[in-house]
Amino acid sequence: MFEGAPRQNQQSAISTIPGFEEYSNGKDYKKRQSVIRIWKRLSSLQRSVICFVLLLGGISVLYIVTSVRRVHGGRLGHGEPSDLRDFLDSNERQKMEQEKRVYIQKMKQKLAQQQVGDIVKKNKEAIRKKKGPPLGIREGKFDRGVDGDQLPPEEKGQLNLPPKSAGDDVIVDQTSSGPYDYFDPKRQYTEKQKAVQDAFKFAWKYYKQYAWGHDEYHPISKSHSEWFGVGLTIVDSIDTAIIMGLKDEYLDAREWVDKSLTFDKDKDVNLFEITIRALGGLLSAYHLTNDEVFKNKAKDLGDRLLPCFKSPSNVPFSDVNLKTGHAHAPRWGPDSSTSEVTTIQLEFRDLSRITNDNRYEHAVNVVSEHVHNLPKKDGLVPIFINANTGSFRSSATITFGARGDSYYEYLLKQWVQTGKKKDYLKKDYLDAIEGVKNHLLKESEPNKLLYIGELLGGRTFSPKMDHLVCFMPGTMALGYQNGLPKDHMDIATKLARTCYEMYNKMPTKLSPEIVYFNQAPGSSDDLIVKPLDSHNLLRPETVESLFYMYRFTKDKKYRDWGWQIFMAFMKYTKIEGGGFSSINNVKSPGNPGFKDKLESFFLAETLKYLFLLFSDDPQLIPLDKYVFNSEAHPMPIYNE
Ligand code: DMJ
């Protein structure tokens, strides 16, 4: 239309707009007139090109503005100008909202991965520098105490002991996810847990001062001795320090293991003892920290123990020389103990799983399967087995005490460790419990305390029970928790009370090593203690069972019992300026007599189980993820 129209006419049309005259008198008007003149001089092709370019520019500007809004998250959510929102129908809005949620989710995941990556990186760095544990430790945030409250209690004069009824305040950290940070400086402990930590630190301090790097510590003479020459107290206690969150003690131990522990010793060692204490301790320390130094030491030890299994029957010899690999029966007799050859399986299996080397697991599987196929008395086994013939000594005693105990414990725990898939282990365990019910389970007089006696020579009932048998309430409760019959729990409940009474009825409130249960009606005492059995070695079995019973029932009486036992240990076995010692006579509160020996299992087991008994943290060694070996070292459950 513009091309064919006379130029004058166009001007007239503009001048008819209201107010045009007034406006046209200004400078802007003159500028416009000159632009119009220039425009009129252009050819129609030139005008078309300019119009096209202007149109293209407009579209581009519109597109850029829209894109910028999207990049900055302006997906038409809340707060978006409504005029823009109105451009979209509700379907598209929903689609965009969905895209927005996915985007945020992805960003969160990316952030989490980045954080895990940072932790792994830090851990690797820590391992490389050999400065400390890789997992969970917040470096630089764990200070040695400088104020009075943080000083070790021995420097404050005494241990921090709350009264029986106090210190149970529930402190649960359920918020954390990811790896458990044992050394989290923000973690809180109950008063009772702190008291147990203090006891561990107290014992550790004097072991470190007088016996560092040696197997055993003698707290009266302040001397030390060797059993295997592998710093047994240290390797047995590392995971306790970790579980209790004691970083200084842990770092002491880790450094010693890294720099000083060697198994290249011309020394005969007992396969069972070194397996449950040293191999178990190293494996647990590895699992709780992911620190390869523990894994490497465990593998070295495992390799040196394998020659034990080169026997005619594949049932291992009891002893082996760590350097030469020469394996043999014990010096005192021809047979291995039944509990010893059947209480190495959790550890050797775990070693195979973490090293991808099947030799260890294969060796112990052969033993378990061999013992499974041997004839038994209603599921019960004699306490000696010959490594050459592979047979039980049929005249040997049947007991859940010394040399028999952990055969039964590892039937259940191996079944649990392997994801409850090995049916023959479950069957052997269930058979054994039926055997207990039929042959060993009795009640004392007059108070009807349930106990597990022995069959001397495999036949004659004796109402004798070692303190060692007190692992059974915990083990049976664990079985019930894993789906075994309810009457196992009923028996566990009654046995736990009996084990507590073995402490409670003594004048020191500490159990003797062995008790006989009264069977005669009319007598006033349920428990009989012979003079040679009246010592206490700081053993763990009863507090171990109290821990399981509390975990599964939350019945506070188990804590009260545990606290009473702990207080008695503090009263009668603690030596000012020395640590803790076994005692000679639990019936003589005036003169219990120190044996001058700290057993490594006091730190490895007794204090660990007490600490766990006073914890309400479900993330602290959850029993559907870990199974404790016979020396209280937690091993992962493999749900195969
Ligand atoms: C520990 O070495 C182990 O618990 C073992 O299985 C039995 N004896 C001691 C503790 O009493």
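This is a predicted model, so every value here is computed, not measured. (Residues numbered from 1 in each chain as written. Predicted model: local features only at pLDDT ≥ 70, side-chain atom pairs only at ≥ 80, totals over all residues. Heavy atoms only, no water.)

A. Geometry of the state of the cysteines. One pass over the structure, following the stated rule, counts one disulfide. Paired through a disulfide, C470 and C499 show a sulfur-sulfur distance of 2.1 Å. Between C470 and C499, the disulfide has an S-S torsion of -95 degrees and is therefore left-handed. Highlighted residues: C470 in the loop between β12 (464–466) and α18 (472–481) and C499 in helix α19 (residues 486–504), separated in sequence by 29 residues. Note on accessibility: C470 and C499 belong to one class, buried. (Disulfide = S-S within 2.5 Å. Helix = DSSP H or I, 4+ residues; strand = E, 2+ residues; numbered from the N terminus. Buried < 20%, exposed > 50% of the residue type's maximum accessible area, 1.4 Å probe, protein only.)

B. Geometry of the site of the ligand. Neighbouring the ligand are I276, R277, L468, R539, P540, E541, F601, E605, S630 and E631. Note that an oxygen atom of the ligand is positioned 2.6 Å from one of the side-chain N or O atoms of E541. In the model, an oxygen atom of the ligand is placed 2.9 Å from a nitrogen or oxygen of the E605 side chain. When grouped by side-chain class, the residues that make up the shell around the ligand number four nonpolar, one polar and five charged. (Near = heavy atom within 4 Å. Polar contact = N/O pair within 3.5 Å; in protein donor to acceptor, adjacent residues only side chain to side chain. Nonpolar A, V, L, I, M, F, W, Y, C, P; charged D, E, K, R; others polar.)

C. Quick peek at the sheet that holds strand β3 (residues 268–270). Taken in spatial order, the three strands of this open sheet run β3-β4-β5, and their pairing is antiparallel. Every interior strand has two partners, whereas the edge strands, β3 and β5 (327–328), have only one. (Pairing = 2+ DSSP bridges.)

D. Highlighting the pattern of salt bridges. All chains considered together, the criterion is met by 38 salt bridges. Across the pair E445 and K448 runs a salt bridge, and its minimum N-O distance is 2.8 Å. One salt-bridge network, in which partners are shared between bridges, spans D264, D300, R304 and K323. (Salt bridge = Lys/Arg side-chain N within 4 Å of Asp/Glu carboxyl O.)

E. The UniProt feature "binding site: Ca(2+)" (unreviewed entry) in the chain, seen in detail. Listed under "binding site: Ca(2+)" (unreviewed entry) in the UniProt record, and renumbered for this structure, are S630. Mapping S630 onto the fold places it in the loop between β17 (626–628) and β18 (634–636). Excluding its chain neighbours within four sequence positions, the residues that come into contact with S630 are I276, T343, S406, E409, Y410 and E605. Side chain to side chain, S630 and E409 meet in a polar contact 3.0 Å long. (UniProt positions renumbered as here; feature names shortened; annotations may be inferred. Contact = heavy atoms within 4.5 Å.)

F. Focus on the nonpolar core. Judged by nonpolar contacts, the single largest core of 155 residues is most densely connected at Y182, F309, F348, F400, I452, M465 and L607. It is helix α8 (residues 191–211) that provides the largest number of residues to this core, a total of 10 residues. (Core = buried A, V, L, I, M, F, W, Y, C linked by side-chain atoms within 4.5 Å.)

G. Layout of the environment of P219. Along the chain, the position of P219 falls in the loop between β1 (216–218) and β2 (223–225). By relative accessible area, which is 0% here, P219 ends up buried. For the pair P219 and D596, spaced 377 residues apart in the sequence, the C-alpha separation amounts to 5.6 Å. Setting aside residues up to four positions removed in sequence, P219 forms contacts with I575, G578, F580, S581, D596, K597 and L598.

H. Layout of α8. Over its 21 residues, α8 extends 29 Å from the first C-alpha to the last, a length consistent with the 30 Å expected when each residue adds 1.5 Å. In the segment just after α8, G213 is the residue with positive phi, at about 85 degrees. (Expected span 1.5 Å × (residues − 1).)

I. Highlighting the sheet that holds β12. In spatial order, the strands read β12-β13-β14; together these three strands make up an open sheet with antiparallel pairing. Every other strand in the sheet has two partners, leaving β12 and β14 (527–528) as the edge strands with one partner each. Inspection of the sheet shows β12 paired to strand β13 (residues 514–517) by three bridges, in the antiparallel sense. In the sheet register, K464 faces β13, and the bridge partner there is Y516.

J. How the structure looks around a nonpolar patch on the surface. A cluster of nonpolar side chains, L45, V49, F52, V53 and L56, forms an exposed patch at the surface whose accessible area comes to about 520 Å². Summarising the element assignment, V53 is placed in helix α4 (residues 44–71). (Patch = residues over 30% accessible without salt bridge, like charges linked within 9 Å, V, L, I, M, F, W, Y side chains within 5 Å. Areas by Shrake-Rupley, 256 points an atom, 1.4 Å probe, with all protein chains shown as cover.)

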